[in-house]
Amino acid sequence: MNGLTIILELKLMNRINRNISLIALLTITVGMQAQEALKPMADISLFKTKLETMSKSTQSIACDFVQEKELVVLSEKIVSKGVFFFKKENNIRWEYIQPYRYLIIISNGQLFTRDDKNQKLYDIESNKMFQEMNKFISGCIQGDILKNDKDYSAEYFESSGNYLVKLIPREEKMRQMLNEVHIWFDKNDLTVSGLKMVESGEDYTKITFTNKKLNTDIPIEKFSFK
Amino acid sequence: MSLFNNFQPSELTLPGDKDSYSWFRQDAGRYLFQSTIDIYKNNFTGLLFVKPVGDSYRVLFITEMGIKIFDMEFFGDSDFKVHYCIEDLNRKAVINTLGNDLSLMLFNIAGKGKIKMMREKKEGKLIIKSKDRFGTRYCTMNEHINKVEELIKTGTFSNKVNIKFSGLAEPDSIIITHYNLKLKIQLTRLHELAAKIPE
């Protein structure tokens, strides 16, 4: 076994792992409801206008989330829970509480992660992938996520209570990890109610957002790296 | 073997099936660990999921946010199959090292060949020595619970590996280290009951 090869490979793996987290992060701010009868969206431009209006008026979001990782072939599900905070301009706190603790904060051009053993700080500007992600996230919140047709093709649906947008990555390499991203928006307030990341194969991750509170006063300390 | 020059051969024979010493029971539902991998100055984290399926084990590594990194299946006799691996990680050296480490973690005592029992002179601990085509394994036993508390594997063509297990009846913590490679895998068991039922 060549040790050096392994080190090089694992360095690569580290970078990839970071990128994967980013891909997952891209979709944090968006968010799914029980299966409802879907039909193609009747008025896409109306939806986009409503979304833009909503994002402009949203100063902050606080909510709980439940993440369900479905391993379809093994008939197993891994459930984790946590809390999410967003505050304008671009502060995000994504925190897993059960059954593991894992924290991600994006603020002031930096990305911070922490678990029980380690914490890490990345400079978003130093990494093209981070920059892309940051652009994507703020794009989501500002409502122009759906204008990014360079990286994703989008399909629009609606049910009685939700809008659904399916994003399909254009890049082949990205699609090997992430086939589709489904984003559910609540028809009443246009907040994201769910998110589904479908992997190649049948496995997927579903995140449901509940107890959403808009425009409450979230102390900036929530986004400090500690 | 210089690591174990302090032992004397034991007359004991292996009581029961060799697989009964494994921390991963075939009849268990599943095991979930929070995982940290350190390689030189790099560190990355995720969840390691272990599920017994018949006589084999399915092991998946997933990021905290749910993205699957790899999915492998482990059979006895150091055999494993890669069901899925993200493209950039799918390199022989990495897969072999991870696969061999995880196989050792699941199947502690080698399947074929002679098994020798010995006692360490200093503390009188029972050591089970076994061999397969990849090398020799020395398992130091915790006789109170009949589980392996430390496993050392040596081999001509492979890295020397040490695995430390702790827990009462279930594996609470597992640490895998390499002697000539700065690679360390730390697993801490997650207790899922509280999160299993979404409100």
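Note that the coordinates shown come from a computational prediction; the quantities given were computed from them, not determined experimentally. (Residues numbered from 1 in each chain as written. Chains lettered and ligands numbered in written order. Predicted model: local features only at pLDDT ≥ 70, side-chain atom pairs only at ≥ 80, totals over all residues. Heavy atoms only, no water.)

Describing the overall build of chain B
For clarity, the threshold we go by: We count a stretch as a helix when DSSP gives it H or I for four or more residues in a row; a strand needs E for two or more, and each element gets its number in order from the N terminus. Note on exposure labels: buried denotes an accessible area under 20% of the residue type's maximum, exposed denotes more than 50%, and partly exposed covers the range between, all computed with a 1.4 Å probe on protein chains only. Working rule for contacts: check all heavy atoms of both residues, and any pair within 4.5 Å makes them a contact. Here the open area of atoms and residues is found with the Shrake-Rupley method and a 1.4 Å probe, where only the protein chains shown may cover a residue.
Scanning chain B from N- to C-terminus turns up 2 helices and 13 strands. Here chain B, with 199 residues, has 53% of them falling under the buried criterion. Sequence-distant contacts in chain B: of pairs separated by 6 or more residues, those separated by 24 or more amount to 42%. By element, 51% of the accessible surface of chain B is carried by carbon and sulfur atoms, the whole surface being about 9200 Å².

Here we look at the pairing of strand β2 (residues 60-71) of chain A
Residue and element names in this part refer to chain A. Under the convention used in this document: Pairing between two strands requires that DSSP report at least two bridges joining them.
Most of β2 sits inside the fold, with 11 of its 12 residues counted as buried. Bridge count for β2 against strand β3 (residues 76-87) is 12 bridges, and the pairing is antiparallel. Among the inter-strand pairings, E68 is bridged to a residue of β3, identified as V79. Counted along the chain from β2 to the antiparallel partner β3, the turn is 4 residues long, and its residue S75 has a positive phi close to 50 degrees. By the bridge criterion, 9 bridges tie β2 to strand β12 (residues 204-214) in an arrangement that is antiparallel. Across the sheet, the residue bridging to I61 is L214, located in β12.

What to know about the packing of aromatic side chains
Put simply, the test is: Side-chain rings of Phe, Tyr and Trp (the six-membered ring for Trp) are treated as a pair once their centres are within 6.5 Å; stacked means planes under 30 degrees apart, edge-to-face means over 60, and tilted covers the remaining angles. Throughout this description, the term charge over a ring refers to an Arg CZ or Lys NZ atom that lies within 6 Å of the ring centre and within 35 degrees of the ring normal.
The full count for this structure, using the stated rule, is 19 aromatic pairs over all chains. Between Y96 of chain A and Y100 of chain A the ring centres are 5.4 Å apart and the planes differ by 25 degrees, which places this aromatic pair in the stacked class. Y100 of chain A carries the same exposure label as Y96 of chain A, and that label is buried. Taking the centre distance of 4.9 Å and the plane angle of 75 degrees together, the rings of F24 of chain B and Y31 of chain B count as edge-to-face. Summarising the burial analysis for this pair, F24 of chain B and Y31 of chain B share the class buried. In this structure an aromatic cluster arises from ring pairing among F65, F84, W94, Y96, Y100, Y102 and F209 of chain A. Positioned above the aromatic ring of F157 of chain A is the side chain of K166 of chain A, whose terminal nitrogen or guanidinium carbon lies 4.8 Å from the ring centre. Lying across the ring of Y179 of chain B, K160 of chain B places its NZ or CZ 4.7 Å from the centre.

So, the sheet that holds β12 of chain A
If you trace the 12 strands from one edge of the open sheet to the other, you get β1-β8-β9-β10-β11-β12-β2-β3-β4-β5-β6-β7 (chain A), paired in antiparallel fashion. The strands lining the two open edges of the sheet, one partner per strand, are β1 (39-40) and β7 (119-123) of chain A.

Concerning the pattern of salt bridges
Test applied: Throughout this description, the term salt bridge denotes a Lys or Arg side-chain nitrogen within 4 Å of a carboxyl oxygen of Asp or Glu.
Counted by the stated rule, this structure contains 22 salt bridges over all chains. Residues R101 of chain A and E95 of chain A are paired through a salt bridge, measuring 3.5 Å at the closest nitrogen-oxygen approach. For R101 of chain A, a relative accessible area of 42% gives the class partly exposed. The buried category is assigned to E95 of chain A, whose relative accessible area is 11%. In this structure, K125 of chain B and E149 of chain B form a salt bridge, with 2.7 Å as the shortest nitrogen-oxygen distance.

Here we look at helix α1 (residues 92-106) of chain B
To be explicit about the condition: To estimate the expected span of a helix, subtract one from its residue number and multiply by 1.5 Å.
Its 15 residues give α1 of chain B an end-to-end C-alpha distance of 21 Å, which sits within 8% of 21 Å, the value for a rise of 1.5 Å per residue. Within the span of α1 of chain B, buried status applies to A93, V94, I95, T97, L98, G99, D101, L102, S103, L104, M105 and L106 of chain B.

Quick look at the environment of R137 of chain B
Residues and elements named next belong to chain B. Note the threshold: Polar contact is the term for a pair of N or O atoms within 3.5 Å; when the atoms are in protein, one must be able to donate a hydrogen and the other to accept it, and sequence-neighboring residues count only if both atoms are side-chain atoms.
Position of R137 relative to the elements: it lies in strand β9 (residues 135-142). Expressed as a C-alpha distance, the spacing of R137 and K153, which sit 16 residues apart in the sequence, is 4.3 Å. Dropping the residues within four chain positions of it, R137 is found in contact with S78, L104, F107, N108, I109, A110, I128, K129, S130, D132, I152 and K153. Here the side chain of R137 touches S78 through a polar contact of 3.2 Å, side chain to side chain. A polar atom in the side chain of R137 sits 3.3 Å from the backbone oxygen of N108.

A look at helix α2 (residues 44-57) of chain A
Residues and elements named next belong to chain A. Basically, it comes down to this: Taking the helix axis as origin, the arc is that swept by the directions to the C-beta atoms.
Between its first and last C-alpha, α2 extends 20 Å over 14 residues, near the 20 Å set by a 1.5 Å rise per residue. Residues of α2 that are buried include every one of F47, L51, M54 and S55, and no others. Buried positions in α2, seen along its axis, are confined to an arc of 95 degrees and lie on one side of it. Those residues of α2 that are exposed and angled more than 90 degrees off the buried face are T53 and K56.

Regarding the pairing of strand β7 (residues 115-120) of chain B
Residue and element names in this part refer to chain B. Both β7 and strand β8 (residues 126-132) contribute to a ladder of 5 bridges, which runs antiparallel. Residue I115 lies in a different strand from β8, and its bridge partner there is S130. Where β7 folds back onto β8 in an antiparallel hairpin, the turn is made up of 5 residues, including G124, whose phi is positive at roughly 75 degrees.

A closer look at the confidence of the model for chain A
All names here are of chain A. Inclusion rule: Residue-level confidence of the predictor, termed pLDDT, takes values from 0 up to 100.
In the predicted model, chain A carries a mean pLDDT of 80, and the fraction of residues at 70 or more is 76%. Per-element confidence in chain A ranges from a low mean pLDDT of 50 for helix α1 (residues 3-26) to a high of 96 for β1. Ignoring residues within four places in sequence, the model shows residues 1-5, a span with pLDDT below 50, making 8 contacts including any to other chains. For the stretch residues 22-34, pLDDT sits under 50, and the model shows 64 contacts to residues farther than four places along the chain or on other chains.

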